[in-house]
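Structure assessment
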Amino acid sequence: MVKPVKKAVFPVAGLGTRFLPATKAMPKEMLPIVDKPLIQYAVEEAREAGIDEFIFVTGRGKTLMEDHFDHAVELETVLKERGRNDSLALVLQCIPETGHVYYTRQQQPLGLGHAVWCARSFIREEPFAVLLADDLILAQPGCLKQMVEIYEKVGGNLVAVENVPRELTNRYGILDVDKDDGRVARARGLVEKPKPEVAPSTLSIIGRYILQPEVFAHLDKREYGAGGEIQLTDAMAKTIGDVPFHGLRFKGRRFDCGSKLGFVEANIAFALGRPEMQGDVRAMLKRFL
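None of the values given here were measured: they were computed from a predicted structure.

Things to note about the overall build of the chain
Within the chain, the regular secondary structure consists of 11 helices and 13 strands. Along the first, second and third principal axes, the C-alpha atoms of the chain reach 60 × 50 × 40 Å. Looking at the chain as a whole, 48% of its 289 residues qualify as buried. Considering only contacts in the chain between residues 6 or more positions apart, those separated by 24 or more positions represent 75%. Of the roughly 14,800 Å² of accessible surface on the chain, 51% is carried by carbon and sulfur atoms.

Examining the packing of helix 3 (residues 73-81) against helix 4 (residues 85-93)
In the contact formed by helix 3 and helix 4, the axes pass within 8 Å of each other and the chain directions differ by 155°. With respect to their mutual orientation, helix 3 and helix 4 come out roughly antiparallel. Viewed along their axes, helix 3 and helix 4 form a crossing whose handedness is left-handed. Between helix 3, through Leu-75, Glu-76, Leu-79 and Lys-80, and helix 4, the contact on the second element is made entirely by Ser-87, Leu-88, Val-91 and Leu-92. Residues that form the contact of helix 3 with helix 4 fall into these classes: 5 nonpolar, 1 polar and 2 charged.

What about a nonpolar patch on the surface?
Together, Met-284, Phe-288 and Leu-289 make up an exposed nonpolar region whose accessible area comes to about 420 Å². Turning to its location among the elements, Met-284 is positioned in helix 11 (residues 278-288). Judged by relative accessible area, Met-284 falls into the partly exposed class, the value being 33%.

A closer look at the pairing of strand 10 (residues 184-192)
Strand direction decides the pairing type here: strand 9 (residues 173-180) and strand 10, joined by 7 bridges, are antiparallel. Directly across from Ile-174, in strand 10, lies its bridge partner Val-191. Counting the residues that bridge the hairpin from strand 9 to strand 10 gives 3 residues, and of these Gly-182 lies at a positive phi of roughly 100°. Bridging between strand 10 and strand 12 (residues 245-249) involves 3 bridges; their strand directions are antiparallel. By the bridge assignment, Arg-186 is partnered in strand 12 with His-246.

Regarding the pattern of salt bridges
Inspection of the entire model under this criterion finds 13 salt bridges. With a shortest N-O distance of 2.8 Å, Arg-208 and Glu-45 are connected by a salt bridge. Here Glu-45 lies in helix 1 (residues 38-48) and Arg-208 lies in strand 11 (residues 203-211), a separation of 163 residues in the sequence. The partner of Arg-188 in a salt bridge is Asp-178, and the shortest N-O contact between them spans 3.4 Å. Within this pair, whereas Arg-188 is found in strand 10, its partner Asp-178 is found in strand 9, the two being separated by 10 residues in sequence. Where salt bridges share partners, they join Asp-176, Asp-178, Arg-186 and Arg-188 into one cluster.

Thoughts on unusual backbone geometry
Of note, the amide linkage connecting Leu-20 to Pro-21 takes the cis form, showing an omega dihedral of 5°. Mapped onto the secondary structure, Pro-21 falls in the loop between strand 1 (7-11) and strand 2 (32-33). Residue Val-34 is not a glycine yet carries a positive backbone phi of 65°. On the secondary structure map, Val-34 appears in the loop between strand 2 and strand 3 (36-37). By relative accessible area, which is 26% here, Val-34 ends up partly exposed.

Procedures and definitions
- Residues numbered from 1 in each chain as written.
- Predicted model: local features only at pLDDT ≥ 70, side-chain atom pairs only at ≥ 80, totals over all residues.
- Heavy atoms only, no water.
- Helix = DSSP H or I, 4+ residues; strand = E, 2+ residues; numbered from the N terminus.
- Buried < 20%, exposed > 50% of the residue type's maximum accessible area, 1.4 Å probe, protein only.
- Contact = heavy atoms within 4.5 Å.
- Areas by Shrake-Rupley, 256 points an atom, 1.4 Å probe, with all protein chains shown as cover.
- Axes fitted to C-alpha atoms, helices over the stretch in contact; angles between N-to-C directions.
- Parallel < 35°, antiparallel > 145°, perpendicular 65-115°, else oblique.
- Left-handed = near helix turned anticlockwise from the far one by under 90°.
- Nonpolar A, V, L, I, M, F, W, Y, C, P; charged D, E, K, R; others polar.
- Patch = residues over 30% accessible without salt bridge, like charges linked within 9 Å, V, L, I, M, F, W, Y side chains within 5 Å.
- Salt bridge = Lys/Arg side-chain N within 4 Å of Asp/Glu carboxyl O.
- Pairing = 2+ DSSP bridges.

So, in structure tokens, the structure goes:
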């Protein structure tokens, strides 16, 4: 019987320099896809998967995101007075239950592994999820829910994976595959951003993880890896042998919203998925093309 996953970590301390000047005063995680910020999609995905505690690892200038997940009393009052009940419901539904959302600061930009390490006091000895808001996934059910269903069968550490062109392996954490049934791959090792000619496979980790607390013992050592940063992939790799490690080929489509092209593509895809918008969006695209 595996322990259930009830906590999720959201590393959101990055500067978002690829989206300047838009991110000069606004966190990149607050950039909207149609009418919701990226971070809200990630939180909703976590909720769907049964997560009920939310840990945000933030940095300077991220208070706007904290406000988003809190009550806006003046706005809520005006919406209520004007009978805008649908809008009021949209505002209220994004707020986690009181006492179930936590914030901690990553005071130095030392990498994803360090950001996750910053949440250790909230996790303690429990399994937990990590969601990177930049990786927006259009899936039904959500990617993390798919992962939880597999995790309940295999336990251990589990990551979402997809194949990438071999020439791009130096951008991702890559699995060294031991066994693969076409959907779930068991890994005997992991390599962070390997050169294409030495990459053990093309199966890359994307921004969804279910991890056991054993990973903190390795993150505690603060060992630097690729890019001079503390890499989460390196710490996960060192748990292999003590903790089972699998990658899940999720059913859905991932958009890299850390890039401008991926962000634009995600807006189009999510707009086309809205019944009330898809006709007008298709017509608009035809005009441009």
